[in-house]
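Structural description and commentary
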Amino acid sequence: MHRFFEQLSSRIIAPFMGESSRNSKVWPCRCGQSLFFRNSQCLACNALLGYQPEESRLTSLQPGPYAGTWTLDADPDSGLFRRCANLDTAAACNWLLPANDHDSLCIACSLNRTIPDLSAPDNPERWRKVEIAKRRLVAQLITLGLQVIPKTVDEDTGLAFDFIGVDLEGNAPMTGHANGLITLDIKEADDAHREQVRAAMHEPYRTLLGHFRHEVGHYYWDRLIANGPWLGSFRNLFGDERASYAEALDRHYQQGAPLDWPQQYVSAYATMHPWEDWAETWAHYLHMMDAVDTALGFGMSAREMDFDYQPFPTSTLYDPEHPGGEAFLSFVNAWIELAGMLNELSRSMGQPDFYPFVLPAPAIAKLHFIHLVIQQAGGRADEVLAL
């Protein structure tokens, strides 16, 4: 038992030892304390902190030469910055923006078109939870190199969010995406409400971050697939999106998913229409990329565990001959092993599975397709695979 804890300790502290360690999800304060994505102040030395989205890093701050300006301990020569105006609101945003930016809000907060009515007693806490999830989404999109353009900059192709409640007639809003506008019923931030909906919809998984990753998948389908060079390949892999969405929706809720859906799709909902298959697979891709990156950043690995998982062969990829195929396949197989380990950890705490899904071979091809689309658009997805 002593040997077990000795080995465990060495693995946990590994990311903090040496300059070559991988620490994309943990950063050092100037005092040496470890900092995490949501922190706005160091708990050890009380240094003020800020997240710089362009460099995907959290850093302690030093007062700048002008009121309200700051320099970065991580890169003192990078210029002056301001903290987001939503820092002192219920959103508690810890992001930074260049001091010469004309906006007072960071890139993540500038995407908000409508925020909830904060005079309602429960809404400040709901908004805080929503913003935490949205910032994680936006940070990942930027890290992958994808364009994040607010509708205030480009109404036609930009992105925006409405976080709203019931209307004057008492009707709850429908969560969804339309022409770059993502709408979320603010009650989704209530854990009890969300669990009730999850159970009623027979969903294995329902989170705010999952909502955002799914809906933003629809947005990027419009930006990266529609009327572009990838459209023919999309139709060959996911199906023809020109099929009636309304009819597909009715059929899905009247008949449910085909019985053999686990052999073809990442989820039952993905069977409904090619657009939903894309959005569900896109969300799973973002889940996998972020979780594996985080795990490796903290020195976690399932590689030394003895799992009876058969690794996927290169033939399951969308393009088995692609030069980056082996790296992507290593990522997928690492995810399968890591998810198995994390599911067992969840069960040991009496919690539902961390990842309550099983990826079939056809879904691997779709995930690889999405990876290639994102890599071509942003140029940085392969960097995340450099494990």
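Just so we're clear, the structure is a prediction, and the values are computed from it rather than from any experiment. (Residues numbered from 1 in each chain as written. Predicted model: local features only at pLDDT ≥ 70, side-chain atom pairs only at ≥ 80, totals over all residues. Heavy atoms only, no water.)

**Comments concerning the overall build of the protein chain**
Within the protein chain one finds ten helices and eleven strands. By the compact-globule yardstick of 21 Å for 387 residues, the protein chain fits well, its C-alpha radius of gyration being 22 Å. Its C-alpha atoms give the protein chain principal-axis dimensions of roughly 60 × 60 × 45 Å. Across the 387 residues of the protein chain, 45% fall into the buried class. Taking as baseline every contact in the protein chain between residues at least 6 positions apart, the subset at least 24 positions apart corresponds to 57%. For the protein chain, the accessible surface area stands at approximately 19,600 Å², while carbon and sulfur atoms represent 53% of it. (Helix = DSSP H or I, 4+ residues; strand = E, 2+ residues; numbered from the N terminus. Rg over C-alpha atoms; globule rule 2.2 N^0.38 Å. Buried < 20%, exposed > 50% of the residue type's maximum accessible area, 1.4 Å probe, protein only. Contact = heavy atoms within 4.5 Å. Areas by Shrake-Rupley, 256 points an atom, 1.4 Å probe, with all protein chains shown as cover.)

**Structural notes on the layout of surface pockets**
Any space left empty among the atoms is revealed by the rolling of a water-sized probe across them. Of the volumes computed, that of the largest pocket is approximately 1,400 Å³. If you trace the largest pocket, you find 46 residues lining it, with Glu203, His214, Tyr253, Tyr269 and Glu280 closest to the centre. At the level of secondary structure, the elements contributing two or more residues to the lining of the largest pocket comprise β10 (176-178), α3 (191-200), α4 (208-224), α6 (245-255) and α7 (274-297). Here the lining of the largest pocket gets seven residues from one element, more than from any other, and that element is α4. Volume-wise, the second largest pocket comes out at about 960 Å³. (1 Å grid on protein atoms, 1.4 Å probe; cavity = no way out; pocket = protein on both sides within 12 Å on 5 of 7 lines; lining within 4 Å. Points joined across faces, edges and corners; volume = space filled by probe spheres on them.)

**Looking at the packing of helix α8 (residues 325-348) against helix α9 (residues 361-378)**
Contact pair α8 / α9: the axes reach a minimum separation of 11 Å and the direction vectors enclose 125°. Relative to α9, the element α8 lies oblique. As α8 runs across α9, the sense of the crossing is right-handed. Facing α8, whose interface residues are Gly325, Phe328 and Val332, α9 presents Ile364, Leu367, His368 and His371. (Axes fitted to C-alpha atoms, helices over the stretch in contact; angles between N-to-C directions. Parallel < 35°, antiparallel > 145°, perpendicular 65-115°, else oblique. Left-handed = near helix turned anticlockwise from the far one by under 90°.)

**Here's the deal with the side chain of histidine 287**
With respect to the element layout, histidine 287 can be found in helix α7. Contact partners of histidine 287, with chain neighbours within four places excluded, come to Tyr205, Gly210 and Arg213.

**A word on the pairing of strand β3 (residues 49-52)**
Side chains Leu49 and Tyr51 project from β3 onto one buried face, and the interleaved Gly50 and Gln52 project onto a second face that is buried too. In the sheet, β3 pairs with strand β4 (residues 57-63) via four bridges, with the strands oriented antiparallel. Across the sheet, glycine 50 pairs through a bridge with threonine 59, a residue of β4. Taking the residues that link successive antiparallel strands as the turn, the β3-β4 hairpin has four residues, and the phi of serine 56 there is positive, at about 50°. (Pairing = 2+ DSSP bridges.)

**What to know about the nonpolar core**
In globular proteins that are soluble, nonpolar side chains generally tend to be buried together. Ranked by internal contacts, the top residues of the largest apolar core, which has 84 residues, are Val216, Ile225, Trp278, Trp282 and Tyr285. In this structure tyrosine 285 touches Leu144, Phe328, Leu367, Ile370, His371, Ile374 and Ala381, once residues within four positions along its chain are discounted. Counting residues in hydrophobic clusters, the runner-up holds five residues, among them Leu61, Trp70, Leu72 and Leu96. (Core = buried A, V, L, I, M, F, W, Y, C linked by side-chain atoms within 4.5 Å.)

**Looking at the packing of aromatic side chains**
Across all of its chains, the model carries 25 aromatic pairs by this definition. Centre to centre, the rings of tryptophan 221 and phenylalanine 234 are 5.5 Å apart; their planes meet at 70°, and the pair counts as edge-to-face. Here phenylalanine 234 lies in helix α5 (residues 231-238) and tryptophan 221 lies in helix α4, a separation of 13 residues in the sequence. Here phenylalanine 234 falls in the buried class, since its relative accessible area comes to 0%. Members of the aromatic cluster, joined through ring pairs, are Tyr219, Tyr220, Trp221, Trp230, Phe234, Phe238, Tyr245, Trp275, Trp278, Trp282, Tyr318 and Phe369. Looking at lysine 134, its charged tip hangs above the ring of phenylalanine 161, at a distance of 5.6 Å from the centre. (Phe/Tyr/Trp six-rings, centres within 6.5 Å; stacked < 30°, edge-to-face > 60°. Lys NZ or Arg CZ within 6 Å of the ring centre and 35° of its normal.)

**Some remarks on the pairing of β4**
Two faces, one strand: in a regular strand the side chains alternate between the faces of the sheet. For β4, the buried fraction is high: five of the seven residues fall into the buried class. As judged from the three bridges shared by β4 and strand β5 (residues 70-72), these two strands associate in the antiparallel manner. Paired with leucine 61 across the strands is leucine 72, a residue of β5. Between β4 and β5, which pair antiparallel and follow one another directly, the connecting turn spans six residues, one of which, glycine 68, has a positive phi of 80°.

**Brief notes about the environment of tyrosine 205**
Relative to the helices and strands, tyrosine 205 resides in the loop between α3 and α4. Placed 147 residues apart in sequence, tyrosine 205 and proline 352 show a C-alpha to C-alpha distance of 9.4 Å. Once you skip the residues sitting within four places of it in the chain, tyrosine 205 turns out to touch Arg198, His287, Phe354, Pro356 and Phe357.

**Digging into the environment of glycine 297**
Here glycine 297 is to be found in helix α7. Owing to a relative accessible area of 0%, glycine 297 belongs among the buried residues under this scheme. With 272 residues separating them in the primary sequence, glycine 297 and lysine 25 have C-alpha atoms 5.6 Å apart.

**Concerning the environment of glutamate 326**
Looking at the element boundaries, glutamate 326 is found in helix α8. Since its relative accessible area comes to 52%, glutamate 326 is described here as exposed. For the pair glutamate 326 and arginine 136, spaced 190 residues apart in the sequence, the C-alpha separation amounts to 28 Å.

**So, the UniProt feature "domain: Zinc-ribbon" (unreviewed entry) in the protein chain**
Following the UniProt record, one finds the feature "domain: Zinc-ribbon" (unreviewed entry) at residues 27-119. Secondary structure content for residues 27-119 is 0% helix and 29% strand, and the end C-alpha separation is 36 Å. (UniProt positions renumbered as here; feature names shortened; annotations may be inferred.)

**A short note on the sheet that holds strand β11 (residues 181-185)**
Working definition: the strands of a sheet are paired by backbone hydrogen bonds and lie parallel or antiparallel to each other. Pairing is mixed across the open sheet formed by four strands, whose spatial order is β8-β9-β11-β10. One side of each edge strand has no neighbouring strand; the edge strands of this open sheet are β8 (112-114) and β10. Along the sheet, successive strands turn relative to each other by an average axial angle of 25°, direction set aside. In terms of strand pairing, strand β9 (residues 160-164) meets β11 through five bridges, oriented parallel. Paired with alanine 160 across the bridge in β11 is leucine 181. Sheet contacts for helix α2 (residues 123-143): β8, β9 and β11; angle to β9, the most-contacted strand, approximately 160°.

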